[in-house]
Amino acid sequence: MPPEPAHVVAIYPGSFDPVTFGHLDIIGRATRIFDRLIVAVLQNENKQSLFSVDERMEMLREVLLPPAGKQNPAEVARIEIASFDGLLVNYAAQRGARVILRGIRAISDYEYELQMALMNRKLASRIETVFLMAEETQSFVSSRLVKEVARLGGDVSAFVPASIEARLRERLSRPRPLREAAR
Ligand code: ADP
């Protein structure tokens, strides 16, 4: 008899500030490979973000999980939106995840991702980093660039879902607090 297939849990960590079609493409591919996917928003105090961790999680939920009442329990159980701080490998171990999922866009992502994957392997040898490539039409999309384009009044509808575009517009139309604006 063939061995029972293992239940593989993957963690997809990132800033998701905000979630883009690039992220959603990677998540869609991952759900076809792994049994369970934890999309984990990094609580990074040092990084200046446009949206709070709670807002970023809320946006992920909004675009990834169907509204209450329309949920297919089997499907909902496969994707979880979470947040974490501290060492990623510790969080992965704590959540029983064997895979760290990352997306690769261009060669420019490769060097940093390779360093991080090898460091994480050194720290936790049983956790594997798996890289997926998004559709080539998303290969230049980053949250940073989307925010920059939106800030300058450009159309970002090809890069983020409509609800996220609306949130970006709303957030960027508000005057920034003085302390921040002075930077
Ligand atoms: P970013 O602000 O660059 O979008 P994140 O920290 O939110 O960064 O990204 C989380 C992960 O998703 C990273 O592994 C990143 O390389 C990947 N990712 C982000 N955008 C894309 C994309 N357009 N195609 C493939 N992978 C992506």
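The structure we're discussing is the one just above.
Residues numbered from 1 in each chain as written. Predicted model: local features only at pLDDT ≥ 70, side-chain atom pairs only at ≥ 80, totals over all residues. Heavy atoms only, no water.

Student: When you look at the site of the ligand in this model, what are you seeing that I'm missing?
Tutor: Contacts to the ligand come from 18 residues, most closely from Tyr-12, His-23, Gly-103, Gln-138 and Val-141. Arg-105 places a polar side-chain atom, nitrogen or oxygen, 3.0 Å from an oxygen atom of the ligand. Taking Val-141, its main chain carries an N or O atom lying 2.9 Å from a nitrogen atom of the ligand. Residue assignment for the shell around the ligand shows that the elements contributing at least two residues are strand S1 (9-14), helix H1 (21-31) and strand S4 (99-104). (Near = heavy atom within 4 Å. Polar contact = N/O pair within 3.5 Å; in protein donor to acceptor, adjacent residues only side chain to side chain. Helix = DSSP H or I, 4+ residues; strand = E, 2+ residues; numbered from the N terminus.)

Student: Whenever I open this one, the sheet that holds strand S3 (residues 79-84) confuses me. Can you help?
Tutor: Where strands meet in a sheet, backbone hydrogen bonds hold them as pairs that are either parallel or antiparallel. Strand order in this open sheet of five strands is S3-S2-S1-S4-S5, and the pairing throughout is parallel. Each edge of the open sheet is held by one strand with a lone partner, namely S3 and strand S5 (128-133). Here the average twist between neighbouring strands, direction ignored, is 30°. The pairing of S1 with S4 spans two bridges and is parallel. Bridge assignment links Ala-10 to a residue of S4, and that residue is Val-99. Across the sheet, H1 is in contact with S1, strand S2 (36-42), S3, S4 and S5; its angle to S5 comes to roughly 120°. (Pairing = 2+ DSSP bridges. Axes fitted to C-alpha atoms, helices over the stretch in contact; angles between N-to-C directions. Contact = heavy atoms within 4.5 Å.)

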